[in-house]
Protein chains: 2
Amino acid sequence: MKDKNTAYKIAILKALKEIRGPAGAARIRERLLASGLKLQPRTVRFYLLQMDREGLTQPVSRRAGRQVTEQGDGELQHTNIIEKVGFVASRIDSLLYRMSYDLRTTTGTIVTNLALIPKSFLMRAVEDMNPVFARRLGMGTRLAIAREGETFGATTVPAEMVALGTVCNVTASGILLKHGIPVTSRFGGLMEIEEGKPVRLTALIEYSGTTLDPLEVFIRARMTRVRDCARTGNGVIGVSFREVPAAAAPEVRRIKKEMERQGLDGILAIGHPNQPLFDIPVEEGRAGLIVSGGLNPVAALCEAHAGVRFHSLHEVEDVARFSDFHVLRDGLRG
Amino acid sequence: MKDKNTAYKIAILKALKEIRGPAGAARIRERLLASGLKLQPRTVRFYLLQMDREGLTQPVSRRAGRQVTEQGDGELQHTNIIEKVGFVASRIDSLLYRMSYDLRTTTGTIVTNLALIPKSFLMRAVEDMNPVFARRLGMGTRLAIAREGETFGATTVPAEMVALGTVCNVTASGILLKHGIPVTSRFGGLMEIEEGKPVRLTALIEYSGTTLDPLEVFIRARMTRVRDCARTGNGVIGVSFREVPAAAAPEVRRIKKEMERQGLDGILAIGHPNQPLFDIPVEEGRAGLIVSGGLNPVAALCEAHAGVRFHSLHEVEDVARFSDFHVLRDGLRG
DNA sequence: ATGCGATACGGCAATCATGCCGTAATGGTT
DNA sequence: AACCATTACGGCATGATTGCCGTATCGCAT
C-alpha cells in the first residue's frame, strides 16, 4: 500500500467488511454511496482485483463475490485509527449498522434518541407529546420510559429524573437496509407543514458537513413549531432528507405500509426517480425520501418548557423497551 | 455545448468572469478552489483551449492569460439561471466579490452583519459589547449605528429600534482576496477559549452544506459563551475556518498586522502548510486560518437578553458608516 | 537593450475511472 | 435434467485528468 488510490481501497475494504460476508461490486458500490463515495461497479472491481493480488480480499465463489481476508482485516485495524471522526454522517452510519430490528420478526434493536426531564414533569410531558404522536409527526408511535437509576443506552437516569426514549429516524434507514435497500442520509432539515401536508423545506444542513445533529440544533435554536403543527396542522417540524436507488422506490412504498402497521411510521414522502423532491435534486438513478424527525415529540416539549435535556442519535436499544405511546399514556393515567 | 464536462467549462468561465479582466489557469484554479472545485491548472488550460475554439474565451497576451468573450458572457447569462442557490457558501462568495474595501486606501465597501434592538436599549447594549471589543473577540473594533428610519444595507430600521452593524468576518477574506490571496471558506464553528487563548473547536458546520449561517444557528441555540469569555477570558466564541494557499501564509501574517492597525483584527490563528489546524486537516498545499465571528458582540447581547433580532452575511456597506467602537461609545456617553 | 524571473501556454504520455461485453457460477423452474 | 434469470468477473478500449516539459511573453532591474 503506497499511493493515493489507497484511500479508495481502504474505503472498499471497509465497506466489504461492514456488509459482513461476501459481496459483489454492486453491493459494495451501494454501501460506498451511503458514505458519500461515488464509484462505478467496474471501478470497484478494478480495485478489488488489485486487493486480491495484495492478499487483502479473496473471491468466495463466482456468484457470491469476495470477502475480506485476515490480512485485509489487519490492514483495516491498522488504518482505521487515522479516521477523522466527529461528523454526524459517520455516527449515523455506525448506528445504522449496529441496529438489528427485523420487520418480519418484529424483534431486535433500534436506534434511539433520549430526553431527560424531571420526574414530576412526566405527566405534563406525556400530555404535551400526545397530539404530536396522534398526528404522526414523529418517527413511529412508540416511546420508552426509564426511571431514575435505570439505564437506557449509554445513560443511567439521574435521581429525580425520567428518561424518555424515542425512535430515531435512522431506524427507518436501518429497516430498509435490512431489506437490501441502501439508504444515503443527506440532510437534516426543517419542513413547513400546512393543513397537515408538507409544503416546503425551509432549512437544510448536510450530515456529512456537520458535527452537530441538525435537528438537535434546530430545536435548541427554537426554529421548530411542532406544537402548533400538532394542534392546528400548520407548523414546522424536523425532517431528514435521504436517497434510495430509484429501482427500490416501489418496495420502499410497500415497506412503509408495513412499518406503519407496526407503529413505526415516519416516511413522509417518497420522490420519483431522478426527480427533485421539495426542490432538492437527487443523484442520478436515485429517488428522494423524507423521514420525520424522531425528535419531534421532544421538540414539542422544548417549545413549551425550558430545561429539557436531550440528544439524538443516542444509542441502539432493544425494541422491547418501547411501548405504544397511547397504551403507555393510558397506563400512566390509569 | 453538450455533455458533462460542460459543468467544468461553465465553472471556469464563471471564475474567469468573476476575476474580471484576463487571468491564467493558475489564478482561475485558485478561484475555483474557493468554490469547492478541485482542478489542476493543466486541466483548466485543457478546457480553456476548448472554449477558445468555441469562442467563449480568448487569449489576451501570452503573459496575461485569457478573458471572457462577449459570446462567453452571453452563454453565462443563459446558464446561470439554473444555479441552485441557497447554500451559505454561495452567499459568502457573492458578498465576497461585491465588497471593495482596500487596505491601502482604507476606503470601499465591507460585508456586514446586522442586529436590531429597541432604541431604549442602546446604551445597555453598548456596555454589553464593550468587553467583547476590548478583548478583540469580534471582527475588528468598529461598529455602525443606524437610527429609526435610516437604511442599512437592505434594511430600513423600524420605528423605536436601532440597528447595529458589525463587520462580518467575510470581510477578512475579501481583504486577502484584494491582495491576490484566494481564501476558501470551509466551516463555521465554535472555539473554546481558555485564558484568552483558543484551545479547541467544539462544533463545526460546513458552509457548503448548510442553508443557515452556522454562527447564527449557534447563537440562537445558545451555544456561545462570549460574555464569559469577554469577562474572564474563558468561554466559547464563534469562529470561521478557512484555507489559504500555503505559499501565502507569510503575506497573510503581514496583512493581519495591517488589518489590526486599521481596527479590523479578526484573524485568530494561522496554520502551517499542510498541517492540521486545531485538528482540522487542510487540503494539500494549503494552510488553515481561523477568523473570529463578526457576530460575537451580538452573541454577547443575545446571551444576556432575549429578543435581539439579527442576521449575518447581511449586505455590503460603505466602510465610512462604521466608527471605532470606543469613540462611538464615548460619544454616546458624552 | 539585455538579461532574469515569473507566468502562461499546449504537445505528449501516463494514470485513473469507467463503459462494453463475453464468460462463469448458482439458484430456482419447468 | 435442461433451461432461464441473476449476479459476478475481468479484458479491452475510450475518455477524462493531470504530470512533465520545452517554449513564448512580459515587466523590471541593471
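Residues numbered from 1 in each chain as written. Chains lettered and ligands numbered in written order. Predicted model: local features only at pLDDT ≥ 70, side-chain atom pairs only at ≥ 80, totals over all residues. Heavy atoms only, no water.

**What about helix α2 (residues 25–34) of chain A?**
Residues and elements named next belong to chain A.
- Inspection of α2 places A25, I28, R31, L32, L33 and A34 among the buried residues, and these make up the whole buried set.
- Close packing links the buried residues of α2 with α1 (6–19), α3 (41–54), α5 (88–98), β8 (184–194) and β12 (286–292).
- Note on α2: the residue one or two positions beyond its end, G36, has a positive phi of about 90°. (Buried < 20%, exposed > 50% of the residue type's maximum accessible area, 1.4 Å probe, protein only. Helix = DSSP H or I, 4+ residues; strand = E, 2+ residues; numbered from the N terminus. Contact = heavy atoms within 4.5 Å.)

**Re the domain arrangement of chain A**
All names here are of chain A.
- By domain assignment, chain A separates into domain 1 (6–83) and domain 2 (109–333).
- Summarising the inter-unit geometry, the C-alpha centres of domain 1 and domain 2 are found 32 Å apart.
- Listed as interface residues are four residues of domain 1 and, on the opposing side, six residues of domain 2.
- Together, the buried faces of domain 1 and domain 2 total about 390 Å²; carbon and sulfur atoms form 54% of this surface.
- For the domain 1 face of the interface with domain 2, the top three residues by lost area are E30, L33 and A34, together amounting to 78%. (Domains from an automatic or database assignment. Buried area = accessible area lost by both parts, 1.4 Å probe.)

**Some words on the protein's contact with DNA strand C**
- The environment of DNA strand C is formed by 22 residues, the closest being T43(A), Y47(A), R63(A), R62(B) and R66(B).
- The sugar and phosphate moieties of DNA strand C supply 63% of its atoms located within 4 Å of the protein.
- At 2.7 Å, a side-chain N or O of T43(A) approaches a phosphate oxygen of DNA strand C.
- Between R63(A) and DNA strand C, the recorded distance is 2.6 Å, taken from a side-chain N or O atom to a base oxygen.
- Taken together, the elements giving at least two residues each to the surface near DNA strand C come down to α3 of chain A together with α2 (25–34), α3 (41–54) and β2 (65–68) of chain B.
- The leading source of residues in the surface near DNA strand C is α3(A), at four residues.
- Considered class by class, the residues forming the surface near DNA strand C number seven nonpolar, six polar and nine charged. (Near = heavy atom within 4 Å. Polar contact = N/O pair within 3.5 Å; in protein donor to acceptor, adjacent residues only side chain to side chain. Nonpolar A, V, L, I, M, F, W, Y, C, P; charged D, E, K, R; others polar.)

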